[in-house]
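# Architecture at a glance
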Amino acid sequence: MKKEFAVIGLGRFGGSICLELSREGMDVLAIDINEDKVEEFKDIASHAVIADTTDERVLKELGIRNVDHVIVAIGDNIQSSILTTLMLKELGIRKITVKAQNEHHEKILKKIGADFVVHPERDMGRRIAHNIMSSNVLDYLELSDDHSVVEVKAGERMAGKTLIDLDIRAKYGCNVVAIKKGKEVNVSPMATEIIERGDILIVIGADIDISRFEKQLVIDDDED
Ligand code: ATP
């Protein structure tokens with residue numbers, strides 16, 4: 001099933017989305033106001049056009065109505081990002097993802113009906129911070145303002161113990177939703193399952209609880 005996408009704004013973020021979607025064989029309409037950017041993507045995307053997307057007439061002419069999902073990756077110019085999102089919404093685009101520069105920008109985007117708002121720099125910063133605190137924290141995904149999912153590698157403190165021994169739910173208020181052992185993923189781990197060093201646990205919980213869990217059980221082995 002080949003889906004149609006449009007990426008507006010071909011900076012590092014939009015450009016990388018455009019490149020990856022194209023590599024995966026998707027139909028991508030790449031749009032930027034800057035001629036050089038469009039030139040860069042003319043052999044990568046299915047179509048690459050120079051356009052100012054704050055102009056409703058231009059958007060209509062591009063036939064953007066037929067696109068399943070539009071990604072607005074105009075970062076610096078918040079006004080253009082908001083206006084573009086508003087136009088897309090009025091044209092009835094079903095899925096709109098927008099890159100936000102800050103919390104105020106995000107609030108406005110949500111109010112005008114953006115379906116997904118992303119903060120790549122902030123989110124990547126958070127992930128890297130958690131990984132810097134402990135190299136056993138492999139990934140960190142925000143679910144809401146105060147809940148996250150974290151992927152951690154079992155070290156010395158968890159090795160040889162079961163979920164009952166560790167009592168993660170009662171002690172930290174977090175849930176272990178899956179355990180990866182090599183290539184095998186167990187999505188309904190038993191409380192009696194023994195965790196081995198190097199196993200990967202997917203844990204869900206409130207940020208403050210995850211933080212306690214990370215500090216007490218996921219700390220790097222060489223810091224023990
Ligand atoms: P990144 O952080 O992703 O690298 P950037 O700093 O390179 O972004 P931004 O200024 O955030 O660039 O904008 C991304 C792109 O959006 C730029 O290539 C810019 O030309 C394009 N752009 C800005 N305004 C419009 C507009 N009204 N219509 C179409 N494209 C636009």
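Presented here is an overview of the structure given in this document. Treat the numbers as computed from the prediction; the structure is a model and nothing was measured.

## A closer look at the site of the ligand
The environment of the ligand is made up of 19 residues, and the closest members are R12, F13, D32, D52 and G75. In this structure, an oxygen atom belonging to the ligand sits 2.9 Å away from a main-chain N or O atom of F13. T53 is positioned with one of its backbone polar atoms (N or O) 3.2 Å from a nitrogen atom of the ligand. With the chains in place, 83% of the 630 Å² that the ligand exposes on its own is no longer accessible. In this structure the site holding the ligand corresponds to the largest pocket. Classifying every residue of the shell around the ligand gives six nonpolar, seven polar and six charged.

## A few points about helix α9 (residues 207-217)
All of the buried residues in α9 are D209, I210, F213, E214 and L217. What you see down the axis of α9 is that its buried residues fit within an arc of 135 degrees, all on one side. For α9, exposure combined with an orientation more than 90 degrees from the buried face picks out I208 and K215.

## Things to note about the layout of surface pockets
Approximately 510 Å³ is the volume attributed to the largest pocket. Of the residues belonging to the lining of the largest pocket, the class tally is nine nonpolar, nine polar and seven charged. One number sums up the size of the second largest pocket: a volume of about 380 Å³. Surrounding the second largest pocket, 18 residues form its lining, E106, V117, R122, D123 and E142 being those nearest its centre. With four residues, helix α6 (residues 120-133) is the single largest residue contributor to the lining of the second largest pocket. Residues of the lining of the second largest pocket, tallied by class, amount to six nonpolar, two polar and ten charged.

## Quick look at the pairing of strand β4 (residues 69-72)
Here β4 shows two buried faces, one formed by H69 and I71 and the other by V70 and V72. In terms of strand pairing, strand β1 (residues 4-8) meets β4 through four bridges, oriented parallel. By the bridge assignment for β4, V7 is matched with I71. Bridge count for β4 against strand β5 (residues 95-99) is four bridges, and the pairing is parallel. Each residue of the ladder has a partner; that of H69, found in β5, is K95. A crossover connection joins β4 to the parallel β5 through helix α4 (residues 78-90); in handedness this β-α-β unit is right-handed.

## Comments concerning the nonpolar core
Ranked by size, the top nonpolar core spans 23 residues in total, and within it I8, I64, V70, V72, L88 and L109 carry the most contacts. Those elements that place two or more of their residues in this core are β1, β2 (27-32), α3 (56-61), β4, α4 and β5. Sorting elements by how many residues they give to this core places α4 first, with three residues. Other than its neighbours up to four places away in sequence, I8 contacts I31, T53, I64, V70, I71, V72, A73, I74, T84 and L88. Grouped together as the second largest cluster of nonpolar side chains are 20 residues, V152, M158, V176 and I195 included.

## Thoughts on the sheet that holds β4
Here six strands make up an open sheet; going across it, the order is β3-β2-β1-β4-β5-β6 and the pairing parallel. Strands with a single pairing partner mark the edges of an open sheet, and in this sheet they are β3 (47-50) and β6 (116-118). Averaged over all pairs of adjacent strands, the angle between strand axes in this sheet comes to 15 degrees, irrespective of strand direction.

## Thoughts on the sheet that holds strand β7 (residues 137-142)
Strand order in this open sheet of five strands is β7-β8-β13-β10-β11, and the pairing throughout is antiparallel. One side of each edge strand has no neighbouring strand; the edge strands of this open sheet are β7 and β11 (184-186). With strand direction ignored, the average angle separating the axes of adjacent strands in the sheet is 15 degrees.

Each value, and the rule that gives it
- Residues numbered from 1 in each chain as written.
- Predicted model: local features only at pLDDT ≥ 70, side-chain atom pairs only at ≥ 80, totals over all residues.
- Heavy atoms only, no water.
- Near = heavy atom within 4 Å.
- Polar contact = N/O pair within 3.5 Å; in protein donor to acceptor, adjacent residues only side chain to side chain.
- Areas by Shrake-Rupley, 256 points an atom, 1.4 Å probe, with all protein chains shown as cover.
- 1 Å grid on protein atoms, 1.4 Å probe; cavity = no way out; pocket = protein on both sides within 12 Å on 5 of 7 lines; lining within 4 Å.
- Sits in = over half its atoms within 2 Å of the grid points.
- Nonpolar A, V, L, I, M, F, W, Y, C, P; charged D, E, K, R; others polar.
- Buried < 20%, exposed > 50% of the residue type's maximum accessible area, 1.4 Å probe, protein only.
- Helix = DSSP H or I, 4+ residues; strand = E, 2+ residues; numbered from the N terminus.
- Arc of directions from axis to C-beta.
- Points joined across faces, edges and corners; volume = space filled by probe spheres on them.
- Pairing = 2+ DSSP bridges.
- Right-handed = clockwise from strand over helix to strand, strands pointing away.
- Core = buried A, V, L, I, M, F, W, Y, C linked by side-chain atoms within 4.5 Å.
- Contact = heavy atoms within 4.5 Å.
- Axes fitted to C-alpha atoms, helices over the stretch in contact; angles between N-to-C directions.

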